[in-house]
Amino acid sequence: ALASLLMTGTLGALPANAIILPEPIPDYSLIENWSDEALAAQTLFICSSAPSLWATKNSVSRGIGGIALVGTGASPKLKSQIASIKKKALHGITPVIASDEEGGDVQRLRRAIYRLPSATTMGGWSDSKVRKTAGDYGKRMKALGVDIAFSPVADLNVSGYFISRARRGFSSNPTTAGKKATAWAAGLKDAGVLPVLKHWPGHGRSVDTHARPGLLPSLEKLEQSDLKPFHYAIAQGVTAVMVGHLLVPGLTEPSTPTSRSKAALSLLRSEIGPDGLIITDSLSMGGATRGLNKDIPEAAIRSLEAGVDVALVCSGPKSLISRVTEAVTSGRLPRQMMFEKVQRILAYKRQLGVIN
């Protein structure tokens, strides 16, 4: 049923409060005998440039859950590069391929497909034009073997801040931003590509978190503005969300960014539902490791502990999978918890046709 919704593009006909969720795996029979390492690896996404994909073969053979493309070196050869690496997959559960495809300067596949205008430019378009643009582009993504787009950006364009300067947001108006983000997500879904809404709970008033966590206004103030586009898009069926490395008074614990805040992730889970997918922004960023002595595996473990399903690491040590595996074996990340995360991940992979 969900697959037909994705391919026929009936999202717009759904009631405003409709939540589209992947069809759940009925039990844990597929994964109950998996090793601790296989469970740990499935909850991790690593990054690679397209020309270097083959270098991820060892991680793929250990069961890595996904690979996010970085750089702009992807060419039409990407399809064969992806097919080659997927042959190494553990248990036949292939990694899903994701890519930042916002338009403008944040567009990994610009050379493999074509350039897109920035989100800010598209924010002045009609919803139908935004949806068609995303759908046309998404079909080409899918044809290359890329099934997840780390977009749309639901962050507000707030003058003087990082997102606005980079022209990454659709609008400074919460209603407009929510509608355009939802239209972009609908177009990707029309093409069978999973949209990932980002960067919850709103990066518009934050510094660049590659260096340090961003300090936002209070949760009460966010609810009046920055969170509105996320509420709108989630209510329209966007249930995969990327969480930023942001500090929110009244929500996050002291010195704890949203990407590893139990309180924040619990709030997000309550909105997207038990089967929605929560992904971190890259845990290689300074905003994620501040206070952890740049210990990226520890950031991944804490994020998984706190409630994310997928820990995204764009540049981490070779010990990443082993460190997270140790946390499973020790019970710090209980197997039952990992079963639930992997169940969600595999449900989305089924939805995307990555696995049967």
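This one's a predicted model, so the numbers in the text were calculated from it and none came from an experiment. (Residues numbered from 1 in each chain as written. Predicted model: local features only at pLDDT ≥ 70, side-chain atom pairs only at ≥ 80, totals over all residues. Heavy atoms only, no water.)

Turning next to the overall build of the chain. Looking only at helices and strands, the chain features 15 helices and 13 strands. Against the 2.2 N^0.38 benchmark of 21 Å for 356 residues, the chain shows a C-alpha radius of gyration of 19 Å, consistent with a compact globule. Structurally, the chain occupies a C-alpha span of about 50 × 45 × 40 Å along its principal axes. Taking contacts inside the chain between residues at least 6 apart in sequence as the whole, the part at least 24 apart equals 73%. For the chain, the computed accessible surface area is about 13,500 Å², with 52% contributed by carbon and sulfur atoms. (Helix = DSSP H or I, 4+ residues; strand = E, 2+ residues; numbered from the N terminus. Rg over C-alpha atoms; globule rule 2.2 N^0.38 Å. Contact = heavy atoms within 4.5 Å. Areas by Shrake-Rupley, 256 points an atom, 1.4 Å probe, with all protein chains shown as cover.)

Scanning the entire structure with this criterion turns up 17 salt bridges. One salt bridge in this structure joins Arg62 and Glu37, with 2.9 Å as the shortest N-O distance. Remark: Glu37 occurs in helix H2 (residues 36-42) and Arg62 occurs in the loop between helix H3 (57-61) and strand E2 (66-70); sequence separation between them is 25 residues. Residue classification places Arg62 among the partly exposed positions, given a relative accessible area of 24%. In this structure Glu37 comes out as partly exposed when scored by relative accessible area, which is 27%. A salt bridge links Asp190 to Arg131, with the nearest nitrogen and oxygen atoms 2.9 Å apart. Of this pair, Asp190 sits in helix H8 (residues 174-190) while Arg131 sits in helix H6 (residues 127-144); the two residues are 59 residues apart in sequence, bridging distant segments of the chain. Judged by its relative accessible area of 21%, Asp190 is partly exposed. Each of Asp100, Glu102, Arg108, Arg168 and Lys198 takes part in one network of salt bridges that share partners. (Salt bridge = Lys/Arg side-chain N within 4 Å of Asp/Glu carboxyl O. Buried < 20%, exposed > 50% of the residue type's maximum accessible area, 1.4 Å probe, protein only.)

Applying the stated rule across the entire model yields 1 disulfide. Each sulfur of the disulfide joining Cys47 and Cys314 lies 2.0 Å from the other. Of note, the bridge from Cys47 to Cys314 carries an S-S torsion of about -45° and is left-handed in sense. One end of the pair, Cys47, is in strand E1 (residues 44-49); the other, Cys314, is in the loop between strand E13 (311-313) and helix H14 (320-330), with 267 residues separating them in the sequence. (Disulfide = S-S within 2.5 Å.)

Now for helix H4 (residues 78-86). Those residues of H4 lying buried are Leu78, Ile82, Ile85 and Lys86. Taken down its axis, H4 places every buried residue within 100° of arc, on the same side. (Arc of directions from axis to C-beta.)

Our next topic: the packing of aromatic side chains. Throughout the structure, instances matching the rule amount to 1 aromatic pair. In this structure, Lys129 packs its charged tip against the face of Trp125, placed 4.1 Å from the ring centre. (Phe/Tyr/Trp six-rings, centres within 6.5 Å; stacked < 30°, edge-to-face > 60°. Lys NZ or Arg CZ within 6 Å of the ring centre and 35° of its normal.)

All right, on to the pairing of E2 then. Side-chain direction in a regular strand flips from residue to residue, so the side chains alternate between the two faces of the sheet. Burial analysis of E2 places 4 of its 5 residues in the buried class, the great majority of the element. Here E1 runs beside E2; their pairing, made up of 5 bridges, is parallel. In the strand pairing of E2, Cys47 is matched with Ala68. Note that E2 and strand E3 (residues 96-99) share 4 bridges and pair parallel. (Pairing = 2+ DSSP bridges.)

Formed by 106 residues in total, the largest nonpolar core has its most connected members in Leu78 and Phe150. No other element matches helix H15 (residues 335-352), which puts 7 residues into this core. If we skip the residues at most four places from it in the chain, Leu78 touches Ala50, Leu53, Leu69, Leu109, Leu144 and Val146. (Core = buried A, V, L, I, M, F, W, Y, C linked by side-chain atoms within 4.5 Å.)

So yeah, pure geometry; function would need other evidence.
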